Amino acid sequence: MSSSSEFPSFLSPRISPQRDSEIAEDSTGLKPSPSNLDLSLPPTIISPSFTPDTVPSTPVPIPVISTPQPSDGLPDVLPEVECIVRARIPTTSGTEIFLHLYKNNLDNKEHLAIVFGNKIRSKSLDRVREGETELDRMIRGAYVGRLYPGRKTSREDEALQEDDTAKDTGWSQWSLIRLATLVRIHSECYTGETAWSARCDCGEQLDEAARLMSKENDGIVVYLRQEGRGIGLSEKLKAYNLQDLGADTVTANLLLRHPADARSYSLATAILLDLDQTEIRLLTNNPDKIAAVEGKHREIKVHERVPMVPIAWRMNSGGIRSKEVEGYLKTKIERMGHMLDKPL
Ligand SMILES: [Zn+2]
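All of these numbers come straight from a predicted model, not from anything done at the bench. (Residues numbered from 1 in each chain as written. Predicted model: local features only at pLDDT ≥ 70, side-chain atom pairs only at ≥ 80, totals over all residues.)

Below, the discussion takes up the overall build of the chain. From N to C terminus, the chain includes 12 helices and 8 strands. Taking all 344 residues of the chain together, 30% fall into the buried category. Summarising the internal contacts of the chain: among those between residues at least 6 apart in sequence, 66% fall at separations of at least 24. (Helix = DSSP H or I, 4+ residues; strand = E, 2+ residues; numbered from the N terminus. Buried ≥ 20, exposed ≤ 12 C-beta atoms within 10 Å, placed from the backbone. Contact = placed C-beta atoms within 7 Å.)

This is the structure:
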């Protein structure tokens, strides 16, 4: 089954991210009348905005000590990936991102890299293809700088010259000392990202990753199409019913004869290498993910782990607050070894 067209994003209802402070006062400084407020949705299901001032705190990175990694289950050879198209997406927060869409030789799904900033390039996208025109290159996103009406070449552009000027004024020096790229490996979660589910914190984690990468104007979210820890949406929904019957998230998967976690990260490793990333900082609480993304032959080095602490645990308001998400996080910590300390 091809999942690439299962959930076209245009079908998803749009909810503008809002905060209590935004609701309290609009840009005119006037308190809105109650009739201006859309109170039809409780705040808990409104996705947090990833604008930089939403959550002032910045997580403290933790150095990753190199230890022999368990390579059981990791593939000896990484899959082949190719970025087939890239496009600029202006976002609702004002940050521009570049969506990179990949094909691969493992499955028929459209995995993505969401790239922040304009310094990271895909080797497979930039490769010259036989017989292609300059227009072909621009249409598939293999251009430097920015597109504008009437642009004729993918290679030379005023924006490129601006980049050169920037280098002369110290950007090249800055790039030498810049930190390893901040990366999040994120698995698709239709329920948490689109259907406002408070059973998990996937939507919040995606927003938080985007917020931190917007702040640095640099970073990559590798977005893997492996719904429900790899078991697919229909099986995930059955697991939710089993959870309502009393099972936790791990037991529910096992009762359905699925592994507790069927995800694989070799595609993420291959995509990161295509984006020329060999040393990264990884946003995760999951130690297995660090070992998996580094690859069997340590093709990538995770320098630091940047923890993802739920907003509800570190802020007095906001974040996802439900008994379901508390149970989900408890199971992640107690049964899946996630490195997360719940504040008492
Ligand atoms: Zn989720």
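So, next bit.
A word on helix H10 (residues 287–294). Every α-helix winds through 3.6 residues per turn, so residues three or four apart in the chain are directed the same way. By the burial criterion, the buried members of H10 are Lys289, Ala291, Ala292, Val293 and Glu294. Tucked into the core, H10 has its buried residues touching strand S5 (181–187), helix H9 (266–274), strand S7 (279–283) and strand S8 (301–306). Count one or two residues on from H10 and you reach Gly295, which has phi positive near 85°.

Right, let's get into the nonpolar core. Core analysis: the largest hydrophobic core is formed by 41 residues, its most contacted members being Val183, Ile220, Val222, Ala268, Ile271 and Leu272. With 7 residues, the next largest nonpolar core counts Ala198, Ile320, Tyr328 and Leu329 among its residues. (Core = buried A, V, L, I, M, F, W, Y, C linked by C-beta atoms within 7 Å.)

Attention now moves to the environment of His258. With respect to the helices and strands, the residue His258 is situated in the loop between helix H8 (249–255) and H9. Residue classification places His258 among the partly exposed residues on the basis of 19 C-beta atoms within 10 Å. As a C-alpha pair, His258 and Glu235 span 23 residues in sequence and 9.0 Å in three-dimensional space. The contacts of His258, once residues within four sequence positions are left out, are Ile231, Glu235 and Asn253.

Moving on: the pairing of strand S2 (residues 81–90). Both S2 and strand S3 (residues 96–104) contribute to a ladder of 9 bridges, which runs antiparallel. Across the sheet, residue Ile89 finds its bridge partner in S3, namely Ile97. Between S2 and S3, which follow one another and run antiparallel, lie 5 residues, and Gly94 among them has a positive phi close to 100°. (Pairing = 2+ DSSP bridges.)

Turning our eyes to something else, we now look at the pairing of S3. Relative to strand S4 (residues 111–116), S3 runs antiparallel, the two being bridged by 6 bridges. The partner of Ile97 across the bridge, within S4, is Phe116. Between S3 and S4, which pair antiparallel in sequence order, lie 6 residues.

Attention shifts here to the sheet that holds strand S1 (residues 62–63). Taking strand neighbours across the sheet as the criterion, the 8 strands line up as S1-S8-S7-S5-S6-S4-S3-S2 in an open arrangement whose pairing is mixed. In this open sheet, the two edge strands, each paired with only one partner strand, are S1 and S2. When S5 meets strand S6 (residues 219–224), the two strands line up parallel, connected through 5 bridges. Looking at S6, one finds that Ser187 is bridged to Leu224. Relative to S6, H9 is tilted by about 145°, and along the sheet it contacts S2, S3, S4, S5, S6 and S7. Packed on one face of the sheet, H10 meets S5, S7 and S8 and runs near 155° to S8. (Axes fitted to C-alpha atoms, helices over the stretch in contact; angles between N-to-C directions.)

We now examine the environment of Asn241. Relative to the assigned elements, Asn241 resides in helix H7 (residues 233–244). Sequence separation between Asn241 and Ala252 is 11 residues; the distance between their C-alpha atoms is 8.6 Å.

Phi is positive for Trp196, close to 55°, though the residue is something other than glycine. Its location among the elements puts Trp196 in the loop between helix H5 (190–193) and helix H6 (202–216). Judged by the 18 C-beta atoms lying within 10 Å of it, Trp196 is partly exposed. Although it is not a glycine, Asn217 sits at a positive phi angle of roughly 50°. With respect to the helices and strands, the residue Asn217 is situated in the loop between H6 and S6. Note on Asn217: 12 C-beta atoms within 10 Å, which makes it exposed.

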